[in-house]
Amino acid sequence: MNRAPEGKAKSLPAHGQSESIGILHKVKSQNRPTLRHILIFYAVVVCALIFSTFYMRYRINTLEEQLGSLTSIMDTHHAEQAAPSSLGSQVQLNAEALCRELTANIMKLEKIQNNLQKLLENGD
């Protein structure tokens, strides 16, 4: 049969080497995702997106309802406050007086700041 000439050994792959190459080839082919795996992955992603869309729509509706109830509470609160007009006018006058006082204090602080700046410039 196939014999090597005398004095030369025939180099045949060892039995273990051919098995390891076959296993390595199978592992390499299994690492690639198949079309089925890709479709399953995309189906899961689409389902997650659909569920998140429904959840966001639910949250938007509940927030709209809360906003609607809050505005109705605020409307009733303003209606109750509009009834005692003498109290409302006093609050309005107090707010105006407070605003005038704060404006005057800000102007005084600006003058003080300007004077301090002049002192710093003259000191140098």
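The rules behind the values
Residues numbered from 1 in each chain as written. Predicted model: local features only at pLDDT ≥ 70, side-chain atom pairs only at ≥ 80, totals over all residues. Heavy atoms only, no water. Helix = DSSP H or I, 4+ residues; strand = E, 2+ residues; numbered from the N terminus. Buried < 20%, exposed > 50% of the residue type's maximum accessible area, 1.4 Å probe, protein only. Areas by Shrake-Rupley, 256 points an atom, 1.4 Å probe, with all protein chains shown as cover. UniProt positions renumbered as here; feature names shortened; annotations may be inferred. Patch = residues over 30% accessible without salt bridge, like charges linked within 9 Å, V, L, I, M, F, W, Y side chains within 5 Å. Salt bridge = Lys/Arg side-chain N within 4 Å of Asp/Glu carboxyl O. pLDDT = per-residue confidence, 0-100.

Asks: Pulling in residues and values, what's your account of the overall build of the protein chain?
Replies: What the protein chain contains, in helices and strands, is three helices and zero strands. Secondary structure elements of the protein chain, listed N to C terminal, follow the sequence α-α-α. When burial is assessed residue by residue, the protein chain has 1% of its 124 residues classed as buried. When the accessible surface of the protein chain is summed, it comes to about 12,100 Å², and 64% of that surface belongs to carbon and sulfur atoms.

Asks: I'd like to hear about the UniProt feature "transmembrane region" (unreviewed entry) in the protein chain, residue by residue, with values.
Replies: Look at the UniProt record and you will see "transmembrane region" (unreviewed entry) annotated at residues 38-56. For residues 38-56, the end-to-end C-alpha separation is 27 Å, with 100% helix and 0% strand making up the annotated structure.

Asks: Tell me what's going on with a nonpolar patch on the surface, and back it up with residues and numbers.
Replies: Among the surface-exposed residues, I38, F41, Y42, V45 and L49 lie close enough to one another that they form a single nonpolar patch of about 470 Å² accessible area. Mapped onto the secondary structure, F41 falls in helix α2 (residues 35-82). F41 sits in the exposed class, given a relative accessible area of 51%.

Asks: I'd love a proper account of the confidence of the model for the protein chain, names of residues and values included.
Replies: On average, residues of the protein chain score 77 in pLDDT, and 63% of them are at 70 or above. Element-level pLDDT for the protein chain is lowest in helix α1 (residues 15-31), with a mean of 62, against a maximum mean of 87 in α2.

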